[in-house]
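Residues per chain are reported as follows:
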Amino acid sequence: MKDLQKGSDSYTVKYLLGEENIDIPLSHRRWNNYIEIKGARENNLKGIDVKFPLNVMTVVTGVSGSGKSTLVRDIFYKALKREYSDVSDRPGEFIALEGNVKMIKDIEFVDQNPIGKSSRSNPVTYVKAYDEIRKLFAEQPLAKQMGYTAGYFSFNTEGGRCEECKGEGTVTVEMQFMADLVLECESCHGKRFNSDTLEIKYKDKNIYDILEMTVNQAVEFFTEHNQRKIIKKLLPLQQVGLGYIKLGQPSSTLSGGENQRVKLAYFLSLEKSESTIFVFDEPTTGLHFHDIKKLMNALDALIERGHTIIIIEHNMDIIKCADYIIDLGAEGGKDGGNIVCTGTPEEIAECKESYTGRFLTDKLK
Ligand SMILES: Nc1ncnc2c1ncn2[C@@H]1O[C@H](COP(=O)(O)OP(=O)(O)O)[C@@H](O)[C@H]1O
Ligand SMILES: [Mg+2]
Ligand SMILES: [Zn+2]
């Protein structure tokens, strides 16, 4: 500890020195509405009744194997997905779904898997900011004169993109006995579009220049030129702490935690968002303290917009910020599957039988 520099710019150093912390919230959100699962008995669950409050952040805790994923993913998520859409797997065994089911319009399971299937997908296409950028380019006088529509500025369809690399900017060469080689496309020199397309400029920038901007730079640039529709779609990426990524950065190069936050940014970007429940199974896996803070901010923003958050988590910084905790256990496997206690972090800390409570007692000091 002695070697750590005070006043260092490193976030790791700041957290270790306690200069940067995730604060304990001053109060918890109150709730009246909830959805209740009655008689949950899949895997080791002992026929338990569990209330999940709406429009707050609930954290489901308990030792490994206590039944958290079975309850939240296999029963709660799948049972509600079946209510709100017609595509769903069969949920785990339970007796009934009660409470304010009709107050919610959808439920989403947010994982760290890559966004989009294609190697051409990236954060700006995912949050639909690119649709607005393409429209803007198609409106430029030279584009109109040449008859280029918004589709021309897409790297997903033929037209304006470089056909040599199909808009990827790179070509992959398969090597025998070695990892594939990824080379810059010789035809477009990594610029992803053909030279005619790159002639079209908006305020002296072509589409490639725009894709090379970071989200922060793009917000500044489009703010300067008062492009409100584009800014509105980009701001959520900034809000979830992704201002540093380039607009054209391929999704495949994003980390798990970054993918997760792009997904949240998409929900924050929706004009009219219908009340949705977001479910996470251990979302802080692989995240640095600083990223956990960004994730928490994104979750708060979703609750502000009327959504509900349910998280399975071991991370004490998340648990202490919960509005409501459902603690499962007491042990893993056959000695688990019961509710040990439920309530606010302060109430769980009072619970002698709860392992989570014991850890919380220290955290809440
Ligand atoms: N598909 C399955 N078949 C049989 N037992 C399972 C299955 N999935 C999980 N279990 C068991 O159910 C219990 C609860 O598992 P799980 O819900 O994954 O716990 P947690 O998410 O709290 O770690 C564990 O004892 C686990 O071994
Ligand atoms: Mg689990
Ligand atoms: Zn090319």
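Refer to the structure presented above.
Bear in mind the structure is a predicted one, so any value in this text is a computation, not a measurement.

## A closer look at a nonpolar patch on the surface
Residues V173, L181 and L183 make up a contiguous nonpolar surface patch of roughly 210 Å² in combined accessible area. If you trace the backbone, L181 turns up in strand β7 (residues 181-184).

## Observations regarding the site of ligand 1
Around ligand 1 sit N43, N44, V63, S64, G65, S66, G67, K68, S69, T70 and G333, and those are all the residues in its vicinity. Taking G65, its main chain carries an N or O atom lying 2.7 Å from an oxygen atom of ligand 1. The side chain of K68 places a nitrogen or oxygen atom 2.8 Å from an oxygen atom of ligand 1. Protein coverage of the free-state accessible area of ligand 1, which is 560 Å², stands at 53%. Among the residues forming the shell around ligand 1, the class breakdown is one nonpolar, nine polar and one charged.

## As for the coordination of the zinc ion (ligand 3)
For the zinc ion (ligand 3), the full set of protein donor atoms is C162 (SG), C165 (SG), C185 (SG) and C188 (SG), and the range of their distances to it is 2.3 Å. For the zinc ion (ligand 3), the four donor atoms are set out with angles of 106 to 114 degrees between them, so the coordination reads as tetrahedral. Within one chain, the residues serving as donors to the zinc ion (ligand 3) are arranged as C-x2-C-x19-C-x2-C. Placement of C162 in the loop between α5 (141-146) and β6 (170-173) and of C188 in the loop between β7 and α6 (195-199) is noted, with a sequence separation of 26 residues between them. Taking the relative accessible area as the measure of exposure, C162 reaches 4% and is therefore buried. On the basis of relative accessibility, which here comes to 7%, the residue C188 falls in the buried class.

## As for the sheet that holds strand β4 (residues 96-99)
Here three strands make up an open sheet; going across it, the order is β2-β1-β4 and the pairing antiparallel. Whereas interior strands pair on both sides, the edge strands pair on one side only; in this sheet they are β2 (48-53) and β4. For this sheet, the mean inter-axis angle between neighbouring strands, taken without regard to orientation, is 20 degrees. Contacts from helix α2 (residues 68-84) reach β1 (34-40), β2 and β4, with the element oriented near 120 degrees to β1.

## Section: the sheet that holds strand β11 (residues 338-343)
Here six strands make up an open sheet; going across it, the order is β5-β8-β9-β3-β10-β11 and the pairing mixed. With one partner strand each, in any of the chains shown, β5 (106-109) and β11 form the two edges of the open sheet. Adjacent strand axes in the sheet meet at a mean angle of 15 degrees when their direction is disregarded. Direction of pairing for strand β8 (residues 276-281) relative to strand β9 (residues 308-312): parallel, over a ladder of five bridges. From the neighbouring strand, D281 faces β9, where its bridge partner is I312. Against the sheet, α2 makes contact with β3 (57-61), β5, β8, β9 and β10 (324-329), and its axis sits at roughly 140 degrees relative to β5, the strand it touches most. Against the sheet, helix α11 (residues 289-304) touches β3, β8 and β9, its axis set at about 145 degrees to β9.

Conventions we followed
- Residues numbered from 1 in each chain as written.
- Chains lettered and ligands numbered in written order.
- Predicted model: local features only at pLDDT ≥ 70, side-chain atom pairs only at ≥ 80, totals over all residues.
- Heavy atoms only, no water.
- Patch = residues over 30% accessible without salt bridge, like charges linked within 9 Å, V, L, I, M, F, W, Y side chains within 5 Å.
- Areas by Shrake-Rupley, 256 points an atom, 1.4 Å probe, with all protein chains shown as cover.
- Salt bridge = Lys/Arg side-chain N within 4 Å of Asp/Glu carboxyl O.
- Helix = DSSP H or I, 4+ residues; strand = E, 2+ residues; numbered from the N terminus.
- Near = heavy atom within 4 Å.
- Polar contact = N/O pair within 3.5 Å; in protein donor to acceptor, adjacent residues only side chain to side chain.
- Nonpolar A, V, L, I, M, F, W, Y, C, P; charged D, E, K, R; others polar.
- Donors = N, O, S within 2.8 Å, 3.2 Å for Na, K, Ca; no water.
- Tetrahedral: all angles 85-135°; square planar, octahedral: opposite > 155°, others 65-115°.
- Buried < 20%, exposed > 50% of the residue type's maximum accessible area, 1.4 Å probe, protein only.
- Pairing = 2+ DSSP bridges.
- Axes fitted to C-alpha atoms, helices over the stretch in contact; angles between N-to-C directions.
- Contact = heavy atoms within 4.5 Å.

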